[in-house]
Amino acid sequence: MQALNLKHLEGREAMLRLLDTADVLVENYRPGAFEALGLGYDVLKARNPRLIYCSLSAFGSTGPRRELRGYDNVIQAFSGIMAMTGDDPAKPFKSGAPVMDYAAGTTAAYAIAAALLQRERNGGQGTHIDVSMLDVALLFSTSHVASYYWGGNVPKAKGNTFPFATIGMYHASDAPVMVAASNLRQQRRLWTLLGRPKLAKDNNNQRLDDHPRESAALAEVIGTKPAAHWEEFLQSNGIPCARIRRLDEALADPQVQARRALHRFDGPAGTPEGMTTTLAGFTFTEGGPTLSRPPQPHGAQTDEILTSLGYDAAAIAALRRAGAIG
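No experiment lies behind these values; they were computed from the predicted model shown. The residue numbering used here restarts from 1 in each chain and proceeds along that chain's sequence as written. Totals for whole chains, interfaces and linings use all residues, but because this is a predicted model, local features are given only for residues with pLDDT of at least 70 and pairs of side-chain atoms are given and counted only at 80 or more. Side-chain measures here rest on the full set of heavy atoms in the structure, leaving out hydrogens and waters.

*Asks:* Just give me the short version of the overall build of the protein, but keep the residues and values in it.
*Replies:* Secondary structure follows DSSP: runs of H or I at least 4 residues long count as helices, runs of E at least 2 residues long count as strands, and numbering of each begins at the N terminus. From N to C terminus, the protein includes 15 helices and eight strands. Our radius of gyration looks at C-alpha atoms and nothing else; its globule reference is 2.2 Å times the residue count to the power 0.38. Its C-alpha atoms give the protein a radius of gyration of 26 Å, more than 25% over the compact-globule value 20 Å for 326 residues. In terms of overall dimensions, the protein has C-alpha extents of about 80 × 50 × 40 Å along its principal axes. Burial status follows relative accessibility: with a 1.4 Å probe on protein chains alone, a residue under 20% of its type maximum counts as buried, one over 50% as exposed, and anything between as partly exposed. Put simply, the protein has 326 residues, and 32% of those count as buried.

Written out as structure tokens, the structure is:
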């Protein structure tokens, strides 16, 4: 990690030298802040036309709210996500994980990969990517947005209740499970497996109308056996089902280990025992995602990077004394 003081002239000069040959710049400043520092896209594009310049902000770099601040919880509140989460419309809930933070980062990574491919196809021309957390929140609410514009349906907090009773959370004898017999074929198979074939429906309208009776029947049957039984029994018969796990239980599951979803640094990386973190949500048949080093202290690679840009030890020391670098 390199630490530059961009409010310092010589810090900005070092940044410009670095960006003259860079492929990608990612910045998370308030819209207009980088322009005020002389590091806006137009300036950098003139110096390095191949540069992919990615800006992430709460509301994006255009529109009447462009200068407003926001974090994950604020965007969940603003976008409507909180209002449809929880089981009481009067008590909205944010997601337990900072989903909009990670969703915005994932969207930016996807956009950067697409921009790099575009650059290879258009003769080497870079572009400016403008990622708005609010836009991403709406993207992740696509089905609700479409439903609203199609029929005026404003989603409300419904907790673990779904339109069809065969999708939802039910309490087994020892712990809750989530069942997802979604389509007509699955719901018919579910009712047959549970010994209630007369509750199977021929169309989704019938399922909607009979929700209370189906829900009561499922609660009665599922409550007779433990969660592990239902997870194994239903999954083995083609019905999606999962016992609701805590994070520690999910991390200990053999599936997580088999997928290499986690990476452990065995050296002194923040704790005496080392450090474990997530790796990626995908694998490659050839190569694939890796982590070469644990999170670094602020400015850990400053000298290394400046040396690669042509600064000698004396020049780096002078920048540090002047406060241009950390």
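Here the narrative resumes.
*Asks:* Which residues make up the sheet that holds strand E5 (residues 176-180), and what are the values?
*Replies:* The strand order across the open sheet built from three strands is E4-E5-E6, with neighbouring strands paired in antiparallel fashion. A strand with exactly one partner marks an edge of an open sheet, and here the two such strands are strand E4 (167-171) and strand E6 (241-243). On average, adjacent strands in this sheet sit at an angle of 20° to one another, irrespective of strand direction. DSSP calls a pair of strands paired once it identifies at least 2 bridges connecting them. Axis angles are defined between N-to-C directions and span 0 to 180 degrees, where every axis is a line fitted to C-alpha atoms and, for a helix, only to the segment in contact.

*Asks:* Can you lay out helix H10 (residues 211-222) for me, pointing to particular residues and giving the numbers?
*Replies:* For an α-helix, the turn length of 3.6 residues means that residues three or four places apart are oriented alike. A helix is expected to reach a length of 1.5 Å times the quantity of its residues less one. Taking 1.5 Å as the rise per residue, H10 with twelve residues should run 16 Å; its terminal C-alpha atoms sit 16 Å apart, in good agreement. Of all the positions in H10, only His211, Glu214, Ala217, Leu218, Val221 and Ile222 are classed as buried. Viewed along the axis of H10, the buried residues span an arc of 135°, placing them on a single side of the element. Away from its buried face, by an angle of more than 90 degrees, H10 presents the exposed residues Pro212, Arg213 and Glu220. Residues are treated as being in contact if the distance between any of their heavy atoms lies within 4.5 Å. On its buried face, H10 is in contact with E4, E5, helix H8 (184-193), helix H9 (204-209) and helix H11 (227-236). Directions pointing from the helix axis toward each C-beta atom define the arc.

*Asks:* With reference to specific residues and values, describe the packing of aromatic side chains.
*Replies:* Each aromatic pair joins two rings of Phe, Tyr and Trp (for Trp, the six-membered one) with centres within 6.5 Å, and gets the label stacked for planes under 30 degrees apart, edge-to-face for over 60, and tilted for any other angle. Using the criterion set out here, one finds six aromatic pairs in the structure. With a centroid separation of 5.1 Å and 70° between ring planes, the pair formed by tyrosine 148 and tyrosine 149 is classed as edge-to-face. Overall, tyrosine 148 belongs to the partly exposed group, its relative accessible area being 40%. Note on tryptophan 230 and phenylalanine 233: the rings are 6.1 Å apart at their centroids and 65° apart in plane angle, and the pair reads as edge-to-face. With tryptophan 230 and phenylalanine 233 both in helix H11 and three residues apart, the pair spans about one turn of that helix.

*Asks:* Can you explain the nonpolar core? Please cite residues and give values.
*Replies:* Core analysis: the biggest nonpolar cluster contains 21 residues, and Val179, Leu190, Leu218, Ile222, Trp230 and Leu234 have the highest contact counts within it. Ranked by residue count, the leading element in this core is H10, at four residues. Other than its neighbours up to four places away in sequence, leucine 218 contacts Ala165, Thr166, Tyr170, Leu190, Trp191 and Leu194. As used here, the term nonpolar core means buried Ala, Val, Leu, Ile, Met, Phe, Trp, Tyr and Cys residues forming a set that is joined through side-chain atoms within 4.5 Å. Membership of the second largest hydrophobic core comes to 19 residues, among which are Ile52, Leu56, Phe59 and Ile81.

*Asks:* Tell me about the pattern of salt bridges, and name the residues and values.
*Replies:* By definition here, a salt bridge exists when the distance from a side-chain nitrogen of Lys or Arg to a carboxyl oxygen of Asp or Glu is within 4 Å. Tallying each qualifying case throughout the model produces 16 salt bridges. The partner of glutamate 220 in a salt bridge is arginine 196, and the shortest N-O contact between them spans 3.8 Å. Placement of glutamate 220 in helix H10 and of arginine 196 in the loop between H8 and H9 is noted, with a sequence separation of 24 residues between them. A relative accessible area of 27% places arginine 196 in the partly exposed class. With its nearest N and O atoms 2.9 Å apart, the salt bridge here joins lysine 201 to aspartate 210.

Bear in mind that shape data such as this cannot, by itself, settle questions of function.
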